[in-house]
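Read off the chains here:
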Amino acid sequence: MAFLSHYLFYKKEKRVLKKDVYEEFKKLFNRESVNVVLNELTACASIYGDLRQPSAANKASVYLLDMRDLGVEQAYVPLLAAGMRFGVQTQEFKTIADAILVYVVRHLVCSQSSNKLDTVFSQACETIKDSSKDATDIVGFFREKRMDDEKFHAHFAGLTFDYTAKPQRIARTLLRRVEEYAHGSNYPVQFNRDEITVEHVIPKHPEIEDLRAWIGAEVDTDDFDVKRFTDQTIKSVGNLALLFQPENTSAGNENYASKISVYTSPMKDKNDKDRGIPRDNFKLIERILSEYPTWFDGKSVLERSEDLAELAVAAWA
C-alpha cells in the first residue's frame, strides 16, 4: 500500500490518503490507457524497490539507508521522482538524494510539522519533473527550503533520545555522519551501521551511588531528581558518542575512569582480530578524552551538546 500511495503522490504531485487509493486508481484508469499506467507502475516499482533495498553498488546507498533509519515515509516520493528521471545509479541522483536527506534531517531535528513535508515534496515533484531544471537546480530547491544553520544548531544542541529502538536508531544516524565529518576529507571513513552503537558516557541507568561519582557531589536521594537528570542530561545528545558493540558492552555502566580505560585500550572484533583503539577509531571519543581527560559531568554534557551542534551544522550541510 505504501508504494501505491507514494506512486499516486508522485503522479498527482499531492498526497493521497490510503483510504482514497482505490478511487484514485479508478480515476487514473478512466483517464489513461491501462497499458500506459501498468508500464509506468512497473517502472516505478523497480525504482521503488531500489530505494527501499539499495544495493552496495548504488552510489546513494548510504543516503537511502539513512533515510530508512530515519523512518520518514514521505521522503520516498521525491526520491521516486528523482529516480524515475535520472535513474538510481547516477551521480545526479546521488546529489539529489543527499539534498533530500539533509532537508529531512533538519526538518526532523527542528521538530517541524509533517504537513510541511507534504507541501514541500509536492513542489519538489513538480520541480524534479521539469525538464528545464537540472540536478543543481533541484539541489538548490531543497537547500532553499531547509531550516537555516542557526535554528538547526539550536535545536540539535537541545536533542534528547529515549532508549527505545527508533530514537536510538535516529541518534546513530545523526552521529554517524558527524563522526565521519570529524574524520576530515583527508581521512575518510564509513562505518558499517550494523556494527556501531550509541554509547552513553554517563550510563543509561546509573544507581544513586554511581550518580555521586558522575555529579561530583553527595547526592541526597530525597532531593535529587534522578528522572529529571536522566531526561535532561543522560538522554542528551551531548552525552552520546559512537562505539563498536563490544567496546560499548565493555564500557557499560562503569565509572568514567573505567570508561577511559575502555576508550584507550586495544580491542578485538568478533573474529578475534585487532580492531585498534576506540580513541583512534572514533573522533568523537577522541574529542571527549581531549576535552575531559579526567572528569565528565552534567556541565560537560551541556558543553558537548554545543560542540556537537557546531559539527552537525557542517556535517549536515
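Computed from a prediction, not measured in an experiment: that's the story for all the values here. (Residues numbered from 1 in each chain as written. Predicted model: local features only at pLDDT ≥ 70, side-chain atom pairs only at ≥ 80, totals over all residues. Heavy atoms only, no water.)

On to a nonpolar patch on the surface, then. A surface patch of nonpolar side chains, amounting to about 230 Å² of accessible area, comprises Phe29, Val34 and Leu38. Note that Phe29 resides in helix α2 (residues 21-31). (Patch = residues over 30% accessible without salt bridge, like charges linked within 9 Å, V, L, I, M, F, W, Y side chains within 5 Å. Areas by Shrake-Rupley, 256 points an atom, 1.4 Å probe, with all protein chains shown as cover. Salt bridge = Lys/Arg side-chain N within 4 Å of Asp/Glu carboxyl O. Helix = DSSP H or I, 4+ residues; strand = E, 2+ residues; numbered from the N terminus.)

Let us now look at the packing of aromatic side chains. Counting across every chain of the model gives ten aromatic pairs. One aromatic cluster is present, formed by Phe3, Tyr7, Tyr48 and Tyr76 through successive ring pairs. Over the ring of Tyr10 we find Lys129, and its NZ or CZ is 4.5 Å from the ring centre. Sitting over the ring of Phe244, Arg275 keeps its end group 4.2 Å from the ring centre. (Phe/Tyr/Trp six-rings, centres within 6.5 Å; stacked < 30°, edge-to-face > 60°. Lys NZ or Arg CZ within 6 Å of the ring centre and 35° of its normal.)

This paragraph deals with the side chain of Arg193. Here Arg193 lies in the loop between α10 (165-183) and β1 (196-200). By relative accessible area, Arg193 is classed as buried at 9%. A distance of 3.5 Å separates a polar side-chain atom of Arg193 from the backbone oxygen of Val62. In this structure the side chain of Arg193 is engaged in a polar contact, spanning 2.8 Å, whose partner is the side chain of Asp66. Among all residues touching Arg193, those that are not within four sequence positions of it are Val62, Leu65, Asp66, Arg68, Asp69, Arg172 and Arg176. (Buried < 20%, exposed > 50% of the residue type's maximum accessible area, 1.4 Å probe, protein only. Polar contact = N/O pair within 3.5 Å; in protein donor to acceptor, adjacent residues only side chain to side chain. Contact = heavy atoms within 4.5 Å.)

Quick look at unusual backbone geometry now. Phi at Glu13 takes a positive value of approximately 60 degrees, unusual for a residue other than glycine. In this fold, Glu13 is placed in the loop between α1 (2-12) and α2. You can call Glu13 partly exposed: its relative accessible area is 26%. Of note in the backbone geometry, Ser111 takes a positive phi value of approximately 55 degrees without being a glycine. Its place among the elements puts Ser111 in the loop between α6 (91-109) and α7 (114-129). Using a relative accessible area of 60% as the deciding quantity, one classes Ser111 as exposed.

For the rest of this paragraph, the subject is the pattern of salt bridges. If you walk through the whole model with that rule in mind, you get 20 salt bridges. Arg177 is the partner of Asp98 in a salt bridge, and the nearest nitrogen-oxygen pair spans 2.9 Å. In this pair, Asp98 sits in helix α6 while Arg177 sits in helix α10, placing the two residues 79 residues apart along the sequence. Both residues of the pair, Asp98 and Arg177, belong to the buried class.

Let's shift gears to helix α5 (residues 76-86). Most of α5 sits inside the fold, with nine of its eleven residues counted as buried. What α5 keeps buried is the set Tyr76, Val77, Pro78, Leu79, Leu80, Ala81, Ala82, Gly83 and Phe86. One or two residues past the end of α5 sits Gly87, with phi positive at roughly 80 degrees.

Taking 1.5 Å of rise per residue, 19 residues should cover 27 Å, and α6 covers 27 Å from first to last C-alpha, within 8% of that figure. Burial of α6 is extensive: 14 of the 19 residues sit out of reach of the surface. Of the residues flanking the end of α6, it is Ser111, one or two places downstream, whose phi is positive at about 55 degrees. (Expected span 1.5 Å × (residues − 1).)

Let us now look at the pairing of strand β2 (residues 240-244). Of all five residues making up β2, five are buried, and the element is well covered by its neighbours. Residues Leu240, Leu242 and Phe244 of β2 are buried on one face, and the alternating residues Ala241 and Leu243, pointing to the opposite face, are buried as well. Pairing between β1 and β2: five bridges, direction antiparallel. The residue bridging Glu199 from the neighbouring strand is Ala241, located in β2. (Pairing = 2+ DSSP bridges.)

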